[in-house]
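Residue strings, one per chain:
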Amino acid sequence: NREITTRLAEENTEKAKFWWDCYRRLIQMYSEVVLGVSASAFDQILTNWKARDGVKNDSELSVKTLQSIVHDFEASVQAHGKTFPQDPWAQLTAAIEAVFRSWNTDRAIHYRKLNNIPEDWGTAVTVQSMVFGNLNENSATGVVFTRNPSTGENKIYGEYLLNAQGEDVVAGIRTPKDIQNLKKDLAKSCKQLVLVLEKLEKHFGEVQDVEFTIEDGRLFILQTRTAKRTAAATIEHFLQFVKEKKLKPERALQKIEYEQVKQLLHPTLKVTEQKPMARGLPASPGAVAGKAVFDPESAVIISRSGQKVILVRRDTSPEDIMGMAVSEGILTSTGGMTSHAAVVGRGMGKSCVVGCTEISVNETLKRASANGQSFSEGDWITLNGSTGEVYLGELPTAPVTWGKTAQMVFSWADKIAKIPVYANADTPEQARLAIELGAKGIGLCRTEHMFFDKERIKKFRLMILSENEVDRKKAAESLRTFQREDFVGIFKAMKNLSVCVRLLDPPLHEFLPKSENKEEIQILTGELKISESKLLLRIQQLHETNPMLGHRGSRLGITFPEIYEMQVRALAESLYRSIADKNPVVLKIMLPVIFSELELKVLLLNLKKAFYEQLNELTKDRPNLLKACEKAVKWGTMIELPRACIVSKKIAPLVDFFSFGTNDLTQTTLGISRDDASKFIPDYREQGILSVDPFETLDQDGVGKLIELSVTEGRKANPNLDIGICGEHGGDPESVQFFRKLGFDSVSCSPFRVPMARLAVARAELDGLKF
């Protein structure tokens, strides 16, 4: 309090400046945390006094100025209707209460949701003695990582300030020094620090993030924790630890967090001639674009409308956590590589540029400027967190390349895993990406995605709008060439791996022209040689009230057999060409939306007839090639309806494989459209009705029971039945554990989720083991 500070300063005039500096810090921190006074009020007072004295850093302020600042701080607290208590015991009691209250702040609640921390854990208070990095020039404070958290380099990395306290480093109030300079300033303490860092890293088997203070030459370690790093750095560190024999590969895989796997695939900025408006420090990699916002509240509001935002601040604090969480990236004009924005940004996997001193940020006017350029709230900006560059406007990005380090680390997972991971891929480009990310085949190739090209959709419309079989067959044949080219390209990309092709499964309405589009209607009437009124009537007849439960999947194959026959003939031609070119792929032909074994029988009879007719024609003079093609093809169905699960014992004998389409199975079991679920599932989770989004993590009590029944009944009826999953749950770690327990033969997910699935299937094997 003021009395104690005055006495201490009088007893030792050499330390008078130190004690007044401690008191002004106490007033500010206590008032912010306990009394709820805004930090901006104190920051402005401090800025004004530094300007008045003509100094840059807090440590340059005189005793007299510090006493004036203390007076202004106390007055500011009173102006906010609060009182800074002079009784130390009252301070302590209120501080303890403030810590307990903090558990229920919006920020804390939001943080727990982000990190899946249970609400009933509660928090604790530690009361301990203080050490002072602001005692003199032989004192310092800093944050240090045992290895570089951004690049993964095996080198101590961090920052420190002489004659300062910890908040000065993380808040970006002063420009800190690189930790490599500590040896020059405080050699003995630096040597001690290096030894402690080595010991901590060895003990924890993890890269450590350490806060330290040096008080008059004596080193104190205040805190250590596992470092928040970029995903690429984390993977690099685990490779280093295994090479250094500090960890076994199995243990390293158990330590990798699934969120970090997602972050490995951050996009990069495409080559551009545009010059950056400013450059800062590259705190967390990835190239992102979004609308600039200048406060966390705006970030939350604008992001809720589905817009991408970038949070722009002078510096960030824990109060900004909600805004940071919803932002694509973070930009600050102050702060170093260990500032709050940098550390949190890396931990969240957000692209982050800090210490961009070229940019002047006016949070009140919601405007920022640098080098003659400016942007306001709502304007698009692009960050390159890998280089620290800031651009005006929205610049194009490209997916990151899967590096050698990641390939090495994830190869450990493949050696442990018993279940291969396939990818959902619809084009040769996606197939190549899937292979690069470690997929062992394609578990779902959705052929409907191949028809959205302008020329193809026109021909497809002619096919489904034709009124007679002859015209439909003619239109279907014109599409066969396109399909053949698609399949040949995919088979070539996948080399000798398995490719599962799902026959057409779109709601028909997705392909129909809108009646109000006069130009398209006129083109079609000419092609079909019918009147406009007749065409509009035909479109109306094909219109569906509930497309997701309507004329799609195998129902399309029953009513428009020409479509599926065209597809299997194209597949026969593609398989023949692939095997003739000595690329022995395994082709799995999958029929979607089956609910009856009779439905399946009708389709298989027609489709196998068309497929083998085509194959026999192609190989009539090459019997060995015919045999190879026949051996390479399997027939199966997608299990995505509750009834299909229940009658699996009748379906299984007819096919070689089941593949669970858990997206639609979840929809039809819960009676929830996944397209509309986002409108109310957050409320269900908030009220504890749902613990997770069932479209992200499998509903094991409901959908899971149907799958379990289907697997059990299916394998009883057909012991050789191959079972896989191709819904997005195939990339969810918790769901993968469930599929493993049921003895699935494969999992499949979108290409960018393949690495996570590879880790998940390995972890499923390692679960419960100790290394």
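Here goes a summary of the coordinates provided. Predicted model only: the values in this text are computed from it and were never measured.

1. Description of helix α16 (residues 404-416)
Over its 13 residues, α16 runs 19 Å from end to end, which matches the ideal 18 Å to within 8%, given 1.5 Å per residue. What α16 keeps buried is the set Ala406, Val409, Phe410, Trp412, Ala413 and Ile416. Where α16 is buried, its residues contact α10 (231-243), α11 (249-255), α12 (258-263) and α32 (754-766).

2. Observations regarding unusual backbone geometry
Even without being a glycine, Asn371 presents a positive backbone phi close to 50°. With respect to the secondary-structure elements, Asn371 resides in the loop between β14 (367-370) and β15 (373-376). Even without being glycine, Lys582 reaches a positive phi, approximately 60°. You can see Lys582 is positioned in the loop between α23 (561-580) and β22 (586-591). Lys582 sits in the exposed class, given a relative accessible area of 77%.

3. A few points about empty space enclosed by the protein
Tallied over the full model, the rule gives 3 cavities of 30 Å³ or more. Listing elements by their share of the lining of the largest cavity, those giving two or more residues are β20 (441-446), β24 (657-660), β25 (722-725) and β26 (746-749). Its residues placed into classes, the lining of the largest cavity shows 7 nonpolar, 5 polar and 2 charged.

4. Things to note about the packing of helix α31 (residues 733-741) against α32
Here α31 crosses α32 at 50°, and the two axes come no closer than 9 Å. By the angle class used here, α31 and α32 are oblique. You can see that α31 and α32 cross each other, and the crossing is right-handed. Contacts between α31 and α32 involve Pro733, Val736, Gln737 and Arg740 from the first element and Met756, Ala760, Val761, Arg763, Ala764 and Glu765 from the second. In the contact of α31 with α32, the residues fall into 6 nonpolar, 1 polar and 3 charged.

5. Section: a nonpolar patch on the surface
A cluster of nonpolar side chains, namely Trp89, Leu92, Phe100, Val125 and Val127, defines an oily patch on the protein surface of about 500 Å² accessible area. The topology assignment puts Val125 in the loop between α6 (106-115) and β1 (140-145).

6. Let's talk about the pairing of strand β4 (residues 208-215)
Counting buried residues along β4, 6 of its 8 residues qualify, which places the element largely inside the surrounding structure. Sheet topology note: the β1/β4 ladder contains 6 bridges and is antiparallel. In the strand pairing of β4, Ala140 is matched with Ile214. Two elements, β4 and strand β5 (residues 218-226), share 8 bridges in a ladder whose sense is antiparallel. Paired with Phe212 across the two strands is Ile221, which belongs to β5.

Each value, and the rule that gives it
- The numbering scheme is per chain: residues are counted from 1 as the chain's sequence reads.
- Per-residue local features are limited, in this predicted model, to residues with pLDDT of at least 70; the limit for side-chain atom pairs, both in listing and counting, is 80 or more; totals at the level of whole chains, interfaces and linings are taken over all residues.
- Just so you know, side-chain values use all the structure's heavy atoms and leave hydrogens and water out.
- In this description a helix means any DSSP run of H or I spanning at least four residues, a strand means any run of E spanning at least two, and both kinds are numbered starting from the N terminus.
- By this rule, a helix spans an expected 1.5 Å times one less than how many residues it contains.
- The buried label applies to any residue whose accessible area, calculated with a 1.4 Å probe on protein chains only, is under 20% of its type's maximum; exposed applies above 50%, and partly exposed to all values in between.
- Between two residues, a contact is recorded if the distance between any of their heavy atoms is within 4.5 Å.
- For each structure, a 1 Å grid was placed over the protein atoms alone; sets of points admitting a 1.4 Å probe that cannot get out are labelled cavities, open sets with protein on both sides within 12 Å along at least five of seven lines are labelled pockets, and lining residues have an atom within 4 Å of a point.
- Grid points are joined across faces, edges and corners, and a volume is the space filled by probe spheres set on the points.
- Under the convention adopted here, Pro, Cys and the residues Ala, Val, Leu, Ile, Met, Phe, Trp and Tyr are nonpolar, Asp, Glu, Lys and Arg are charged, and Gly plus all remaining residues are polar.
- Think of each axis as a best-fit line through the C-alpha atoms, taken over the contacting stretch in the case of a helix, with angles from 0 to 180 degrees between the N-to-C directions.
- Reported orientations rely on four angle classes, namely roughly parallel under 35 degrees, roughly antiparallel over 145, roughly perpendicular from 65 to 115, and oblique for the rest.
- Each crossing gets its hand from how the near helix is turned against the far one by less than a right angle, where anticlockwise is left-handed and clockwise is right-handed.
- To count toward a patch, a residue needs a relative accessible area above 30% and no salt bridge. Like charges then connect within 9 Å, nonpolar side chains (Val, Leu, Ile, Met, Phe, Trp, Tyr) within 5 Å.
- Per-residue and other accessible areas were derived by the Shrake-Rupley procedure at a 1.4 Å probe size, with only the shown protein chains allowed to occlude residues.
- Salt bridge, as applied in this entry: a Lys or Arg side-chain nitrogen positioned within 4 Å of an Asp or Glu carboxyl oxygen.
- Think of it this way: DSSP has to see at least two bridges between two strands before they count as a pair.

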